[in-house]
Structures are given as C-alpha cells and as structure tokens.
Amino acid sequence: MRVRKKRVFQSVFGDGDISQPTPAATPAMPSSSPGQPFGGPNINTQPPLSDVRETGSVKGRSLSESSHVRDQIHWDRAWHLVTDALSLPEFPKSASSPQPLKPRKEALNSAFNKALEDVLYPTSRLPYANHTDNLIVWHTHQVRSHFLHQVLPIILHLANKYAPEALISGAVHVLETAHRHYLHGLAIIKEGMDVAAPGTSMPCVEKFRRDLHAVITNSLMEPLSTSLRAVLKKSVFTILGLPQSKSPETSKIMPAGQKSDRALQDLLKLVESLKSVGLAGESFQVALAETMNFAMTQYVRRGCKGLWESEKETFEGSSDSQVREPKNQALILPRTARHSSASKCVTDLCEWIENRYARLAVQILNRVDTNVNVTWANKEKFKEMGIGHLADLRIQELFDIVVNWPKSGGALDDLRTAITTPQRRLHLTEAFATTLNKRLLHPGTSTLQILQTYISMIWSFHALDNSKVLLDRVAYPLQLYLCSREDTVRIIITGLLADTDDPHADKLVELAQLLNTGSQQASQRASDEELDWHDMDWVPDPVDAGPGYKRSRNADIIGTLIGALGAQDVFIKEFQNIIGEHLLKQDGGFEKEIKVLELLKARFGEAPLQACEVMLKDIQDSGRVNSVIRKNQKLDPSEQELNAAKADPGMIDEDPVNPEGLLKPSLHAKILSRLFWPQLQDETYKVPDGIKELQKRYEEGFEALKASRKLTWLHSLGQATVELELEDRTIVEEVHTWQAAVIYAFQGDEENEVSPMLTVEKIVNRLEMEESLVRSALKFWTNKLVLHETSPGTWTVLEVLNQEDRARSNAQATASASANVDESADEAALMANEGITNEKMAVYWQFIQGMLKNSSSQMPLQQIAMMLKMLIAEGFPYSNEELQEFLSGKVQEGMLELNGGKYKLKK
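Residues numbered from 1 in each chain as written. Predicted model: local features only at pLDDT ≥ 70, side-chain atom pairs only at ≥ 80, totals over all residues. Heavy atoms only, no water.

A. A look at the pattern of salt bridges. This model, assessed by the stated rule, comprises 23 salt bridges. In this structure, Asp-413 and Arg-416 form a salt bridge, with 2.3 Å as the shortest nitrogen-oxygen distance. Residue Asp-413 and its partner Arg-416 are both found in helix H15 (residues 409–418); the two are separated by three residues, about one turn of the helix. For Asp-413, a relative accessible area of 11% translates into the label buried. Note that Glu-613 and Lys-601 form a salt bridge whose closest N and O atoms lie 2.5 Å from each other. With Glu-613 in helix H25 (residues 610–632) and Lys-601 in helix H24 (residues 591–604), this residue pair connects regions lying 12 residues apart in the sequence. According to the relative accessible area criterion, Glu-613 is partly exposed, its value standing at 30%. The network of salt bridges with common partners includes Glu-117, Asp-118 and Arg-125. (Salt bridge = Lys/Arg side-chain N within 4 Å of Asp/Glu carboxyl O. Helix = DSSP H or I, 4+ residues; strand = E, 2+ residues; numbered from the N terminus. Buried < 20%, exposed > 50% of the residue type's maximum accessible area, 1.4 Å probe, protein only.)

As structure tokens, then:
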C-alpha cells in the first residue's frame, strides 16, 4: 500500500529530484566505462588522436581524473553538511506548541560557511566537480514537499472543523508559521550569496516566493474559497453599511461609524496577512471583485427598489426645514450621465460609490498590489457600473413603473441615464415585451385595463425616449391584441365622450381629460412643424431608428390609440353608433361630442364623418322644431301645472319644481334624418292612450310645419320619467319607454283601485311587446321593489313594504340605484339585440344561400363572415360567435349541413 501511494504521489508531483545529504564516506564517482573495473578511474584505451607523446598523455589524464575525484568528494561533503543543517524540522501539529527555528545562526561555524560557499559557487571553487545541484532549487523542492505532506493536511483538517472566520484565521496562522521556517533557511542561503556576490540573491529569492505562493494558492484556494468569500462579504457589507439579513425590514443603508471603521481595519489586516502567506493572488482578487460587485448590486436593490420619485419631487415633498440641498451633480455624476436630470437614487448611488465604495476598493488594492494606481477614470467606471446595475433593476421593474405613471418619474430618469447604447435599449425592449405578454396580454385582463396601461406606456416611454423608437418596438404586440378585442373601439370612444368628473372608474376618463385640456390639438400641430432651430435641447435621431423615421415632439395619446386600431372605417362606424346613442339620451350643447368630432376630422378628413355632422345638426335643429311644435300644439305646461309647481313645498329647495308632467303627461321628441343615422332598430308595442294622443297632436304640428315630411315614432329608443304613488311611498325613476309601458299596465281602473295581477303572457298580448323586453322590465321593477312575484310567472304591485324590504329599498336608494338602472339597461339592450338579430338574419340568410349556391358549395365560418362584411353595404355588425349560433340553428332546422368545419346547403 505504501509503495502504491508513493507511485501515485510521484505521478502527480514527479520524482522530486531532491538531493539528500550525502554521507561523508561515499564519494561521488563517475560511471565506469565499458571494460573498466568498477570503482576505478575511467581509463581510455583508445589510441590518442593528437600527435602527442604517449607518455605525456597518460600522465595528463591521470592528473585530471584525480582532480575530478577530489573536487567531487569535497563538493559532496559540503552538500551533505549544508543540506543537513538546512533540512526542515517536523511541523508542529498544534499551534500552541511552536518549534524553534532550525538551524540557529549562532550554531553555524566557519566550516558551514565554507561549505555553503562551495555549494553555491562550485564552478569557481570546485571546478572539477561534475555532479552539482542548485541549492535554491533543492530548498524549493524541500519546502514544497514539506508543505504538501505536513502543512496542507493540518489546514484541510481545520476546514472540516471550524466556522469561516476561525478557519481563515487559523489557516493564516499555520501558513505564517510555515513561512517563518521556510524563509529562515532561505535567509541563510541569501546571506551566503550576498557575502560572496552582493546583489545576486534577490532574483532567486523572488522566484522562491513566487513558487511557494503558487503552491499555496493552487492547494488551498479551492477548499478555502467558500469561507474566504463569506468573510469578505461580511466585512465588505459592514464597511459599506449594507444589511447582512435578507429581511426587507433591514433594507436601510447604515452610515459610516465606529463599527464600519473597525471592520475596515480588520479587513485590511486580513488582506495584508493573506498577501504575506500567498493567498492574495489572482483567485483572491477574483473573489474580492465578485464580492464588491455583489455589494454594489445589493446596495441598488436594498436602497433603490421601489423608490421611483425624482430628486425634485423628494425635495418638494419634504416638510423638514433642514432638508439637504441638492449636491453638485456635475461632480457627483459620471461624465456619461450629466446630460440628464438625475433622480435621488442615482445621486445617492454615485455619492455612496465615491465616498465609501471606491475608497474601500483603493485601500484593498493598495494592500494587494502596491503598483496599482486607482485614477479618477476608475472611479467613473465604478459609477457607470453602479448605474448599470440600477438600470437592470429598473428594467425588471419597468412594467410596475409604467403602471404607476406619473408617480414614477424618478425611475424613468434612472433608465434615461443608463440606456445610452443600442444594446441596452434592445435589452430593455425585449425584457419589457416579455413581461407585457405575461402580465397583461391574456384573457384575464379587461380591455379597459389594457388601454389604461397602454396610455401609461405612451407617457412613460415618451418621457424615457421621446423619439418613440422604444415605444414602437414594445407596442406592436399590444396593438395586435387590442385589435382582437371587440370592445376596444367602443371603450376608446366612450372615454373620449366621458365626463371628467365621473366618479365611476369603468370608463377611459383619461382621454376626456386630455381632450378637455386642448393639448392634443396643439401637440398635433407641433408634431407637424419642421425642425426648431431655437431648440437648445435638440438631440440627433437615435442610431437604432428605422428607415422613414420621423421624430415626434409630443406623446399624442389620442392619436396613438386611434392609429393603433388599424382601419379607420371600423372606428368611424363605431363612433357613429356611440355618438348617436349620446345624442339620443342626452340634452345640452354637446360640447364634448363636437370636440371629438373635430379631432377625428383633423385626422380622417371631413368626408368620412359627414354622417356624424348631419346627426349632430339633426339634434340641434330638432330642439328648435320641438319648441315650435309644443308651443303651437299647446303641449307646454298648463296654467294649473305652473300654479301647482309654485305651490309645491319643494320650492324651498335650491332647485324649483319642474311643472312638466305634474298633472298630465308631457312629450318631447327628437327628429332624426332616417338616411344619415345608423340603423335605428325599434321594437313596436302599444303605448298608453295618453301618450298616443300626445303623439298624434305632435304629428299634426310637425306636418303643419314640415308639409312634405312625416314622422315615424321609434318607441323603444325614448326615455320616460315615471312617478309612482304607492300606499307608503312615492318613487320617481327615469327609465326606458318600454319599461314605463310595462309598469303602466299594472295601473288599476278608476273604479277599482286594486292593482291587477298580470302574467307575462297577458302583458305580451296587451302591449304587443317582445317577451324578452317584458321579462327585462319585470325584473327591473322587481329589483326596485315596485313589483313582486306572487306565484311563478305572475306579478303584482308591492304597495306596502315590510321592514326587511324597506331596509333593502333604502340601501338601494343610497348605494346602487344607478347601478341597477345601468344593469337593467344593458340587459334590456342585450335582449333587444337578440330580437334584432332574429329579425335581420332573414336578410342575411338570403346572402348566405346565394354564396353557397353561386360562389362555393361549402364554406367555413370565417369565410362566410368575411363575405357578409364585403357584400352588405352597411356592414355585418355581428361577431363570429353570433353568426355561428345562427348557423347552428339552421343546421338544427335541417337547412344546412356541417362537415369538417364547413357549412353547405342541405339537398
């Protein structure tokens, strides 16, 4: 086993040509030539080559050989004496039992000095000695073997036993002890060299140190690496004020103090000790660089994560009268970052790097290598590295920064300071696009939320890069996703027409606010202007801008949203439908509608929006016509109604009581041009007799005023104000006309004041109304606690509320009255649309039959929908799901067949 171990060791470290001390009685003789006796002189039997006398040649050879033998024996004895004195003792197993240095200098005599000189300089002192060795090389090999066999096992034993700090301290102590022994023998050799030949020892000593440190580094850095990194991290974090714990509660950066000063002194002493024992080489420097880099990353994450306010906002938001003044950014910031306004995070980071981080790096590097000179450019590099780490953090947070706009202006300043190269700009857009696709572009996010995020993206990226190059890279997937949402256009237009003071958050109110400020029109004009030669903030176009690039000087939120939707026909058609609903439901000057219309005319031109202008003119003209007709037909409030309004106790309030409809029904009408409005679908039903009489009188007034025209009433599109007097309460509601007709059907006769009990079938037959509308109206009035279902399918009026119903009524009146109205309206519209679909599909069915007969015998769903949109002049307003439902009905009726996803007529 011992032989095998020796072979393995020799295969790794070599034979170890270490000359051992030579015994005094064993001379080093040259090898005998073939044919010569062993141990005698090497006698050459060959004839001489030169023309010299034979007797002289033999005599010369004998003298030369005797000199060789004499010098070789002398050198061997000197080598034995020196190496025996300089051989290393056994290394102590415990540091508590130190061993004295060997040999003691006072024990060395003149014989040792002469032997040392003979060994060091055999060429001049023993010229005939053929076999000599280098004493420095011998000592180096001896030290190497001693370290590997005796010192290294002790340190490896410590690595398995002690904690990082104790391990590094113990390893340094062991190595210092070993160094004293190794350098003691070297010092004796060096002294002998300096006596014989002054100045020749330094290269040999330096080479010995390099070789020794290389052996120590290669043997110990791997087992000590983890502990050394832990010690460095703890010391560096303490010096730089970084918290050791990962808990977010301890994320505050500590100022410099006595604790950090003590840690600095201990670390510098450790570095000096590591350098003296050979552990401050390249591996140590790599570990130190990684620790310092990790410290900078931790400072950025602990001190800057989630802090997005700018330096200006921080100063303005502070209430302390002793607020620190902003530092001279020209001195704090690196040269590459002085072109932009720095945030609090950037200024604090650069200040921390200059005052603490760079100072620590300089002090450590000076201990490691005295030839290193840290210049001002190195400090600039440190700051640029810190800003790069901050940019990585901000890129990870960019989605949250965008969502929190405009409260995240400081974070955008950080990014603008850092993303100065095309590579960083590309990394930013790729990372943000990935996050956007993961966190926003999925079915679980509402279209309103996506649009709000898109608006924040436009603002944020314009603040980050007003060239819009970055925005164009990340916005394209979002634009495609918005185009796939059916309610995108409606939400945008509804937001443009929204009330800026609307407390509800279910509309894109940001667009209405932008429109009301008037900034969009001005910004649109500014975008079209040529280069401003007086602009002192001008910068050249980005290097990563594509061909045909044109710089935009403003965000243009509304224009960007409209442009993202693609074809303008879809947007204009939806705008026409929505503005029609607004004009029918509301009264007033329609200032918002006019603003939006002018904005769209500037973008799309006047011709596509001509119908909208006619619609707006119809509403404005119908107001005047309505006033004239009501006056001529005496439909205005009567004298009795005026007196009743004056006598009403409500006059004590700020708003006087409206005399309209106090004693009799009142009627107002909006007159529309049939050809220019969208398809106004109407559900016909019987209106109350009083309203019918008012409509007849209104028609007569209109025909007298407009002799060549005739009115057609669209009952279900109107609004009605209903006042219901019940036994214990009075309810006033503004509802749809079909809802008013349904509740009017429950009015009792004058002779019998008891309210009737009606079923759905009776109401449908009496009013000739669609069943879907009747059920929706019944549900609405049931939620209002006006009707209640006495038995399945039978309703009657709820004249008196019990205590539970009254509490629910009060809660509805204070909290959810408007929500119930909107919900009922939406549900009724959905019901009505289903009826409209069934009515219009008769026409569409003719188109579908023609396509399947004349164009192709079988078509998939998408192709049928596309053909309908192309063939029908007013467009096909229904979705693919609605078309699929209709076609499925035709399949069930036996008129179509579905094979392999394609529809064909059944023969």
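B. How the structure looks around the packing of helix H8 (residues 258–277) against helix H12 (residues 344–368). One way to put it is that H8 packs onto H12 with a least axis distance of 9 Å and a crossing angle of 25 degrees. Comparing the axis directions of H8 and H12 gives the class roughly parallel. Between H8 and H12 lies a crossing whose hand is right-handed. Facing Ser-260, Leu-264, Leu-267, Leu-268, Val-271, Glu-272 and Lys-275 of H8, the residues of H12 in contact are Arg-356, Leu-360, Gln-363, Ile-364, Arg-367 and Val-368. Across the contact of H8 with H12, the residue classes tally to seven nonpolar, two polar and four charged. (Axes fitted to C-alpha atoms, helices over the stretch in contact; angles between N-to-C directions. Parallel < 35°, antiparallel > 145°, perpendicular 65-115°, else oblique. Left-handed = near helix turned anticlockwise from the far one by under 90°. Contact = heavy atoms within 4.5 Å. Nonpolar A, V, L, I, M, F, W, Y, C, P; charged D, E, K, R; others polar.)

C. Up close: the environment of Met-867. Along the chain, Met-867 falls in helix H32 (residues 861–871). Along the backbone, Met-867 and Ile-848 are 19 residues apart, and their C-alpha atoms lie at a distance of 8.8 Å. Met-867 has contacts with Met-851 and Ser-855, leaving out every residue within four places of it along the chain.

D. Highlighting the packing of aromatic side chains. This structure, assessed with the given rule, holds 12 aromatic pairs. Measuring from centroid to centroid gives 6.3 Å for Trp-845 and Phe-886, while their planes differ by 70 degrees, and the two rings are edge-to-face. Of this pair, Trp-845 sits in helix H31 (residues 803–855) while Phe-886 sits in helix H33 (residues 880–892); the two residues are 41 residues apart in sequence, bridging distant segments of the chain. The same class applies to Trp-845 as to Phe-886, namely buried. (Phe/Tyr/Trp six-rings, centres within 6.5 Å; stacked < 30°, edge-to-face > 60°.)

E. Main features of the environment of Ala-280. Secondary-structure assignment places Ala-280 in the loop between H8 and helix H9 (282–304). On the basis of relative accessible area, Ala-280 is assigned to the buried category, the value being 12%. Between the alpha carbons of Ala-280 and His-213 there is a distance of 9.0 Å; along the sequence they are 67 residues apart. If we ignore the near neighbours within four places in the chain, the residues touching Ala-280 are Leu-274, Lys-275, Gln-285 and Val-368.

F. The arrangement of the sheet that holds strand E3 (residues 758–759) in detail. Pairing is antiparallel in the open sheet, where three strands are placed in the order E3-E5-E4. Edge positions in the sheet fall to E3 and strand E4 (787–791), since each has one partner strand and no second. The pairing of E4 with strand E5 (residues 794–797) spans four bridges and is classified as antiparallel. Looking across to E5, one finds that Glu-789 is bridged to Trp-795. (Pairing = 2+ DSSP bridges.)

G. Spatial organisation of a negative patch on the surface. On the surface, Glu-486, Asp-487, Glu-881, Glu-882 and Glu-885 cluster together into a negatively charged patch. Along the chain, Glu-486 turns up in the loop between helix H18 (469–483) and helix H19 (488–496). For Glu-486, a relative accessible area of 64% translates into the label exposed. (Patch = residues over 30% accessible without salt bridge, like charges linked within 9 Å, V, L, I, M, F, W, Y side chains within 5 Å. Areas by Shrake-Rupley, 256 points an atom, 1.4 Å probe, with all protein chains shown as cover. Lys, Arg positive; Asp, Glu negative; His and termini not counted. Charge placed at Lys NZ, Arg CZ, Asp CG, Glu CD.)

H. Focus on the sheet that holds strand E8 (residues 902–905). Strands sit in the order E6-E8-E7 across an open sheet of three strands; the sheet is antiparallel. If you trace the sheet from one side to the other, it starts and ends with strand E6 (858–860) and strand E7 (896–899), each paired once. Strand-to-strand twist across the sheet, computed as the mean angle between neighbouring axes with direction ignored, equals 30 degrees. Pairing geometry for E6 and E8, over three bridges, is antiparallel. Bridge pairing in E8 links Met-859 to Tyr-903. In the packing of H32 onto the sheet, the strands contacted are E6 and E8, and the crossing angle to E6 comes to about 95 degrees.

I. Molecular detail of unusual backbone geometry. The omega torsion across Lys-102 and Pro-103 is -5 degrees, close enough to zero to call that bond cis. When you line up the elements, Pro-103 lands in the loop between helix H2 (54–86) and helix H3 (110–120). Of note, Glu-768 is a non-glycine position whose phi angle comes to about 55 degrees, a positive value. Within the secondary structure, Glu-768 is located in the loop between helix H29 (760–767) and helix H30 (771–783). Although it is not a glycine, Leu-785 adopts a positive phi angle of roughly 60 degrees.

J. Geometry of the pairing of E8. Relative to E8, E7 is paired through four bridges, and the arrangement is antiparallel. Bridge pairing links Leu-896 to Leu-905 in E8. Here E7 hands over to E8 after two residues, with Gly-900 in that stretch at a positive phi of 65 degrees.

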